[in-house]
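Observations on the three-dimensional arrangement
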Amino acid sequence: MNKSLARALYSEVWNCPVTATDSELSAICGKYVSERHVLVDPSNPTPDGGIEGYLQAVKAFTKAFPKAIVSVDDVIGDGNKVALQLTFKVRNCSQQLEL
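This structure is a prediction, so every number in the text was calculated from the model and none was measured.

Quick notes on helix α1 (residues 2-14)
Between its terminal C-alpha atoms α1 stretches 17 Å, which fits the 18 Å expected from 13 residues at 1.5 Å a residue. Every buried residue of α1 is listed here: Ala6, Ala8, Leu9, Tyr10, Val13 and Trp14. Considering only its buried residues, α1 is in contact with α2 (22-30), α3 (50-64), β1 (69-78) and β2 (81-89).

Examining the pairing of β1
Relative to β2, β1 runs antiparallel, the two sharing nine bridges. Following the sheet pairing, Asp78 is matched in β2 by Lys81. Hairpin connection between β1 and β2: a loop of two residues separates the two successive antiparallel strands, and Gly79 in this loop has a positive phi of roughly 65°.

Things to note about the packing of α2 against α3
For any two helices packed against each other, the geometry is given by the interaxial angle and the distance between the axes. Closest axis-to-axis distance for the α2/α3 pair is 10 Å, and the angle between their directions is 120°. Relative to α3, α2 is oriented so that their crossing is right-handed. Facing Asp22, Leu25, Ser26, Cys29 and Gly30 of α2, the residues of α3 in contact are Ile51, Glu52, Tyr54, Leu55 and Lys59. For the contact of α2 with α3, a count of residues per class yields five nonpolar, two polar and three charged.

Regarding the layout of surface pockets
Computed from the structure, the largest pocket encloses a volume of approximately 380 Å³. Going through the elements one at a time, α1 and β2 are the ones with two or more residues in the lining of the largest pocket. Considering each element in turn, the lining of the largest pocket owes the most residues, five residues, to α1. Considering only residue class, the lining of the largest pocket consists of nine nonpolar, four polar and two charged.

With respect to the nonpolar core
Ranked by size, the top nonpolar core spans 18 residues in total, and within it Leu9, Tyr10, Val13, Trp14, Cys29, Val33 and Tyr54 carry the most contacts. Elements supplying a minimum of two residues to this core: α1, α2, α3 and β1. In terms of residue count, the dominant contributor to this core is α3 (five residues). Discounting chain neighbours no more than four positions away, the residues touching Trp14 are Leu9, Leu39, Tyr54, Ala57, Val58, Phe61, Thr62, Val70 and Phe88.

Procedures and definitions
Residues numbered from 1 in each chain as written. Predicted model: local features only at pLDDT ≥ 70, side-chain atom pairs only at ≥ 80, totals over all residues. Heavy atoms only, no water. Helix = DSSP H or I, 4+ residues; strand = E, 2+ residues; numbered from the N terminus. Expected span 1.5 Å × (residues − 1). Buried < 20%, exposed > 50% of the residue type's maximum accessible area, 1.4 Å probe, protein only. Contact = heavy atoms within 4.5 Å. Pairing = 2+ DSSP bridges. Axes fitted to C-alpha atoms, helices over the stretch in contact; angles between N-to-C directions. Left-handed = near helix turned anticlockwise from the far one by under 90°. Nonpolar A, V, L, I, M, F, W, Y, C, P; charged D, E, K, R; others polar. 1 Å grid on protein atoms, 1.4 Å probe; cavity = no way out; pocket = protein on both sides within 12 Å on 5 of 7 lines; lining within 4 Å. Points joined across faces, edges and corners; volume = space filled by probe spheres on them. Core = buried A, V, L, I, M, F, W, Y, C linked by side-chain atoms within 4.5 Å.

These values are about where atoms sit, not about what they do.
Here's what the structure looks like:
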């Protein structure tokens, strides 16, 4: 069951249409994320926990990459522990990067 919930989280939350309202996205996220959850992200050394903290990370990512697609490539689960291998496909044409 945990494997299917983890897949659904990325399908429904990370790949949610940009047109979803904050309350719609919060309701969807609430099905999968507990108030004890803290999203570990090296780009944010002091993340907020719970649903709102998780949504902050999702919104920051989708704002930067509004057409991104997150794919779950593999899922490994043992009891309450689940690990996922993900692919993030992003395209950002709003800026020209100089290297």
